[in-house]
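# Overview (structure and organization)
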Amino acid sequence: MSDSVLRTSANLKSPEFEKNTRRIIDLLTKIKNEEEQIRQGGGAKAVESQHKKGRLTARERIAKLIDPGSYFFELGIYAAFEMYDEWGGAPCAGTVTGLARVCGRTFMLIANDATVKAGAFFTMTAKKVIRAQNIAIENRIPAIYLVDSAGVFLPLQEDVFPDTDDFGRVFRNNAVMSAMGIPQITAIMGMCVAGGAYLPVMCDHILMTEGSGLFLAGPALVQAAIGQKTSAEDLGGAKMHAQISGTVDFREPDEDACIARIRALVDKIGAPDPSLFSHVKSRAPLYSGDDIYGIFSSDPGKQYDMREIIARVVDASEFEEYRAEYGETLLCGYARIGGWAVGIVANQKKHVQTLARGSDQKRIEFGGVIYTESAEKAARFILDCNQNRIPLVFLHDVNGFMVGKDAEWSGIIRAGAKMVNAVANSVVPKITVICGGSFGAGNYAMCGKAYDPRFMLAWPTARFAVMSGDAAASTLAEIKLKQLERKGKKVDEKQKKELVESVRATYEQQTDPRYAAARLWVDAIIDPAHTRDALIWALEAAALNPEIREFKTGVLQT
């Protein structure tokens with residue numbers, strides 16, 4: 001084997017390996033059970049009601065639409081998780097989004113779930129649809145909308161209607177996508193009311209099933225507004241829009257016929273432009289992805305070798321490591337994933353022994369911490385990937401940047417700014433996977449949400465916030481104690497302990513990946529063993545965009 005091949009030294013039978021495996025399996029089991037509950041939408045009665053109308057649910061429609069035997073890579077399943085309890089909840093934010101293959105082509109699917117409040121738009125519903133559209137825009141992914149929605153959820157209209165990332169942005173995105181030449185197909189398979197009626201009409205192809213309705217105002221509102229009495233069918237039924245208004249392109253007798261028509265239209269869409277990125281035949285890693293369960297440790301006090309993770313993600317376990325002996329707490333290197341060339345920037349969780357900057361004195365650098373040398377190396381590597389049109393993959397398990405006198409004297413702020421500048425101005429696709437911790441400015445430098453990754457993925461072990469839970473809990477508890485003391489209240493040791501634990505519990509909940517996924521800070525929580533599959537989906541989607549703007553960094557602090 002060549003030196004490029006990562007060799008494993010993982011002990012698959014050690015107690016530590018088994019302990020790590022059990023912990024991740026437990027987390028995964030909980031998440032998979034919750035996801036299955038979320039997939040029930042509004043529940044059995046709501047599903048039955050949908051079926052009685054002769055309509056399928058959103059997930060049933062998707063299952064029939066995508067290629068037989070293919071996989072639906074769902075995004076945003078945790079959207080609105082544990083939110084809107086006062087309104088009975090909004091599982092999956094009342095809409096299903098994700099990537100799928102239709103007639104062999106990759107599509108973004110956006111389907112209203114009419115079993116959840118009749119498919120009405122909550123705040124998070126609008127944000128979820130907009131996030132799906134933004135992914136389609138960034139990556140030039142054609143979109144299919146399966147519409148079955150009552151429009152804005154009126155009790156929360158002030159949070160859904162007016163802002164730049166609210167309901168109206170959906171239709172703005174429709175127009176932008178059309179102008180960019182991104183194909184959009186809409187099928188109205190239920191109600192399409194009020195402002196939501198603009199979505200289908202702003203797409204390239206409009207299909208409508210019998211029994212569906214498309215109108216700016218329903219019969220009751222029309223009567224209240226202008227005193228006119230009319231039936232839903234006469235006002236905005238499929239026959240009227242096909243024969244009189246001329247709004248729909250295809251009137252279909254039922255959902256099966258509608259789905260068949262969508263596939264027939266997709267089959268005739270022109271081929272995408274060739275990708276700018278290097279792609280060859282995919283090769284499987286030498287080691288099983290399941291090993292990741294035992295190799296990875298989410299215990300902040302434990303070390304592991306991130307190269308072992310990379311070896312189970314990249315093609316043939318080959319990794320051309322860049323400046324391997326310099327700035328060793330960040331791993332940078334070239335590889336292929338699913339045949340696609342990538343540059344990988346990953347936090348190394350092993351402590352390393354090195355020489356102090358400008359000295360022959362030995363020192364220990366802590367794993368998961370970004371030092372001046374590692375920040376400079378990563379910045380230079382990111383510039384190189386942009387120069388050579390190589391997509392970037394970031395693997396997070398970062399505590400932050402090094403602090404202290406030695407770090408400040410070495411220019412850690414300048415080096416960190418250089419890395420952040422390179423990430424912020426990067427023009428090649430960026431894909432982020434949060435494996436463990438992602439704290440403070442380390443999150444920014446490693447292409448956190450604020451730095452526009454094309455896809456933001458997280459493991460169940462992910463934690464991200466301004467600082468780790470213990471540090472934050474102690475700091476916040478100390479602040480609260482001083483506030484109580486200033487008010488003349490005495491707090492005994494038991495009360496102090498209870499206060500610290502209460503703060504820690506709240507903080508831990510907010511750093512949980514499900515909390516982040518509920519707010520769309522991450523696109524999906526993925527099984528660590530399936531990281532490679534998720535990255536291949538993301539890379540294939542990113543490759544659909546044939547345009548890269550000119551790369552400029554602005555002023556670098558050198």
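Rules and cut-offs
In this convention, every chain numbers its residues from 1, walking through the sequence in written order. Confidence filtering applies because this is a predicted model: local features only for residues at pLDDT of at least 70, side-chain atom pairs given and counted only at 80 or more, and all residues used for totals across whole chains, interfaces and linings. Each side-chain value is worked out from all heavy atoms of the structure, with water and hydrogens disregarded. The rule is short: rings of Phe, Tyr and Trp, with Trp giving its six-membered ring, pair when the centres are within 6.5 Å, and they are stacked under 30 degrees, edge-to-face over 60, tilted in between. Only DSSP runs of H or I with at least four residues qualify as helices, and only runs of E with at least two residues qualify as strands; both kinds are numbered from the N terminus onward. The classification of residues rests on relative accessible area computed with a 1.4 Å probe and restricted to protein chains. Under 20% of the type maximum is buried, over 50% is exposed, and intermediate values are partly exposed. A cavity, in this analysis, means grid points on a 1 Å lattice covering only the protein atoms where a 1.4 Å probe fits yet has no way out; a pocket is instead an open set bounded by protein on both sides within 12 Å along at least five of seven lines, and a residue lines either one if it has an atom within 4 Å of a point. Grid points are joined across faces, edges and corners, and a volume is the space filled by probe spheres set on the points. All residues other than Ala, Val, Leu, Ile, Met, Phe, Trp, Tyr, Cys, Pro, Asp, Glu, Lys and Arg, Gly among them, are scored as polar; the first ten of these are nonpolar and the last four charged. Any Lys or Arg side-chain nitrogen found within 4 Å of a carboxyl oxygen on Asp or Glu counts as a salt bridge.

### A few points about the packing of aromatic side chains
According to the stated counting rule, one finds 13 aromatic pairs in the structure shown. Between Y71 and W537 the ring centres are 6.5 Å apart and the planes differ by 50°, which places this aromatic pair in the tilted class. Remark: W537 occurs in helix α21 (residues 531-542) and Y71 occurs in the loop between α3 (58-65) and β1 (73-75); sequence separation between them is 466 residues. For Y71, a relative accessible area of 53% corresponds to the exposed category. With a centroid separation of 5.2 Å and an interplanar angle of 80°, the aromatic rings of F296 and W459 are classed as edge-to-face. Remark: W459 occurs in the loop between β18 (455-458) and β19 (463-465) and F296 occurs in the loop between α12 (292-295) and α13 (306-310); sequence separation between them is 163 residues. Under the relative-accessibility criterion, F296 is labelled buried at 1%.

### Let's talk about empty space enclosed by the protein
According to the stated counting rule, one finds two cavities of 30 Å³ or more in the structure shown. There is about 140 Å³ of room inside the largest cavity. Around the largest cavity sit 16 residues that line it, and N112, F121, V147, S149 and L199 are the ones nearest its centre. Of all the elements in the fold, those that place two or more residues in the lining of the largest cavity are β3 (105-112), β4 (143-149), α6 (167-179) and β5 (184-193). Taken together, the residues of the lining of the largest cavity break down into 12 nonpolar, four polar and no charged. Considering only enclosed or pocket space, the second largest cavity measures out at about 60 Å³ in volume. Lining the second largest cavity, in full, are L75, G76, T97, K128, R131, A132, I135, L520, V522 and D523. If one sorts the elements of the lining of the second largest cavity by residue count, helix α4 (residues 123-139) sits on top with four residues. Among the residues making up the lining of the second largest cavity, the classes are represented as five nonpolar, two polar and three charged.

### What about the layout of surface pockets?
Reported here for the largest pocket is a volume of approximately 690 Å³. Contributing to the lining of the largest pocket are 31 residues, with S298, D299, P300, G301 and F439 lying nearest its centre. Elements represented by at least two residues in the lining of the largest pocket include exactly α1 (15-38), β17 (430-439), α18 (469-486) and α19 (493-511). At five residues, the largest contribution of residues to the lining of the largest pocket is made by α1. Classifying every residue of the lining of the largest pocket gives seven nonpolar, 14 polar and 10 charged. Reported here for the second largest pocket is a volume of approximately 450 Å³.

### As for the pattern of salt bridges
Under the definition given, this model contains 26 salt bridges. Between R61 and D148 there is a salt bridge, and its shortest N-O distance comes to 3.2 Å. A residue pair is termed long-range when its members are at least 10 positions apart, and R61 in helix α3 and D148 in strand β4 qualify at 87 residues. Accessibility expressed as a relative area gives 2% for D148, which makes it buried. A salt bridge links K349 to D397, with the shortest nitrogen-to-oxygen separation between them at 3.9 Å. Taken together, the residues span a long stretch of sequence, with K349 in the loop between β11 (340-347) and β12 (352-355) and D397 in strand β15 (residues 392-398) at a distance of 48 residues. You'll find K349 and D397 in the same group, each marked buried. In this structure, a network of salt bridges that share partners links the residues E34, D512 and R514.

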